[in-house]
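Report on the structure
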Amino acid sequence: MRLDLAGKAVLVTGAASGIGLACVEAFLAEGARVGGLDRATIPVVGDDFLAVHADVTDERSVAAAVGAVAGRFGGLDVVVGCAGISGPVGTPVAETPAADFAAVMTVNVTGQFLVVKHAAPWLTEARGAVVLLASDSAFTSAPGMVPYCASKGAVVAMTRALAVDLPQVRVNCVCPSVVDTPMARDDLGAVLDDPAFPVQATEDVASHVLYLASARSRTVNGQAVLADFGVSARSGFPA
Ligand SMILES: NC(=O)c1ccc[n+]([C@@H]2O[C@H](COP(=O)([O-])OP(=O)(O)OC[C@H]3O[C@@H](n4cnc5c(N)ncnc54)[C@H](O)[C@@H]3O)[C@@H](O)[C@H]2O)c1
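Anyway, here's the lowdown on the structure attached to this text. (Residues numbered from 1 in each chain as written. Predicted model: local features only at pLDDT ≥ 70, side-chain atom pairs only at ≥ 80, totals over all residues. Heavy atoms only, no water.)

Okay, the overall build of the chain next. Scanning the chain for helices and strands turns up 6 helices and 7 strands. A globule of 239 residues ought to have a C-alpha radius of gyration of about 18 Å, and the chain, at 17 Å, matches this closely. If one aligns the C-alpha atoms of the chain with their principal axes, the spans along those axes are about 55 × 40 × 35 Å. A total of 239 residues make up the chain; the buried ones form 48% of that total. Once local pairs closer than 6 in sequence are excluded, the contacts in the chain between residues at least 24 apart make up 66%. A total accessible area of about 11200 Å² is found for the chain, and carbon and sulfur atoms account for 56% of it. A distance of 10 Å separates the average location of the 15 positive side-chain charges in the chain from that of its 23 negative side-chain charges. (Helix = DSSP H or I, 4+ residues; strand = E, 2+ residues; numbered from the N terminus. Rg over C-alpha atoms; globule rule 2.2 N^0.38 Å. Buried < 20%, exposed > 50% of the residue type's maximum accessible area, 1.4 Å probe, protein only. Contact = heavy atoms within 4.5 Å. Areas by Shrake-Rupley, 256 points an atom, 1.4 Å probe, with all protein chains shown as cover. Lys, Arg positive; Asp, Glu negative; His and termini not counted. Charge placed at Lys NZ, Arg CZ, Asp CG, Glu CD.)

There is about 1200 Å³ of room inside the largest pocket. Lining the largest pocket are 48 residues; nearest its centre among them are Ser 86, Tyr 148, Thr 181, Met 183 and Ala 184. Elements supplying a minimum of two residues to the lining of the largest pocket: helix H1 (18-29), strand S2 (33-38), helix H4 (146-165) and helix H5 (182-188). Here the lining of the largest pocket gets 5 residues from one element, more than from any other, and that element is H5. Counted by class, the lining of the largest pocket contains 28 nonpolar, 13 polar and 7 charged residues. Empty space within the second largest pocket amounts to approximately 270 Å³. Together, 17 residues line the second largest pocket, and Arg 127, Gly 128, Ala 129, Arg 170 and Ala 213 are the ones closest to its centre. Its residues assigned to classes, the lining of the second largest pocket comprises 8 nonpolar, 3 polar and 6 charged. (1 Å grid on protein atoms, 1.4 Å probe; cavity = no way out; pocket = protein on both sides within 12 Å on 5 of 7 lines; lining within 4 Å. Points joined across faces, edges and corners; volume = space filled by probe spheres on them. Nonpolar A, V, L, I, M, F, W, Y, C, P; charged D, E, K, R; others polar.)

Here we take up helix H3 (residues 98-126). Between its first and last C-alpha atoms H3 spans 40 Å; for 29 residues at 1.5 Å apiece the expected length is 42 Å, and the two agree. If you look at H3, its biggest bend is around 55°, right at Ala 120, and the proline Pro 121 turns up within four residues after that. Once H3 finishes, Arg 127 follows within two positions and takes phi at roughly 50°, a positive value. (Expected span 1.5 Å × (residues − 1). Bend = angle between axes of the 7 residues up to and from the residue.)

All right, on to the environment of Asp 228 then. By secondary structure assignment, the location of Asp 228 is in the segment after strand S7 (224-227). A relative accessible area of 8% means that Asp 228 is categorised as buried. The spacing of Asp 228 and Ala 70 is 158 residues in sequence and 34 Å in space, taken between C-alpha atoms. Apart from the residues lying within four places of it in its own chain, the contact partners of Asp 228 are Asp 136 and Ser 177. For Asp 228, the side chain forms a polar contact with the main-chain nitrogen of Gly 230, separated by 2.9 Å. (Polar contact = N/O pair within 3.5 Å; in protein donor to acceptor, adjacent residues only side chain to side chain.)

It is worth spelling out a nonpolar patch on the surface at this point. Side chains of Val 93, Phe 101 and Val 146 sit close together on the surface and give an oily, nonpolar patch of about 250 Å² of accessible area. Positionally, Val 146 belongs in helix H4. Assessed through its relative accessible area of 42%, Val 146 is described here as partly exposed. (Patch = residues over 30% accessible without salt bridge, like charges linked within 9 Å, V, L, I, M, F, W, Y side chains within 5 Å. Salt bridge = Lys/Arg side-chain N within 4 Å of Asp/Glu carboxyl O.)

Right, dumping it as structure tokens:
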């Protein structure tokens, strides 16, 4: 399938690690020009790449970073929101400080909102596309995941609202199950190496992101693409 992403101006947040880094590399491999935003150092160099240091929770730094990428590339065709944190995974709700809940919501929800807010004028001009990282945690949970699940449910709802609010821009989100990244390794450790436990690669997620960023998915808008090996499709029926 031809994605026709060559020359497109793309902004990827959370570009220093995991899924964001894989998306940066996949867009560059397609010939796109990529701006990577992160609060950490991004291990990518090249003529078609611009690294911008910013925290997605800080509106002024987001506005400056988005402006720098759009200025360098003469606009923005695609925004991919990967920056996120898992927060206090494994902590029962009765022991979860409100500040920890708020911190997860601020990065995972407000951060996505701020990036799209400041990219919206360029995306509208380009009739572009947004792809946000939500999670299968928007639809299913394990014990001790209340803040993260709440934040990812909000990203799914915000995806629909943005698709309506920005009529010239397609907005979708991807909802992967566990992906082998530093975040997942920190939270789950060696479980990721158990062959009985389905784990996806960052490249699997990047494939969905690039498809949703490309004109090949032009009829898909306001949707959450759940990629979980079919786990959530199984009912509790004992058969
Ligand atoms: N790994 C998984 O199993 C999984 C599954 C579903 C969804 N996701 C989602 O995918 C996205 C990427 O996760 P990952 O697993 O690649 O994590 P990761 O920790 O490997 O990468 C996240 C990146 O976001 C950056 N970041 C975090 N907070 C930031 C902030 N305030 N400002 C700027 N940058 C910030 C980090 O520096 C890091 O580079 C997240 O939104 C995560 O919730 C991950």
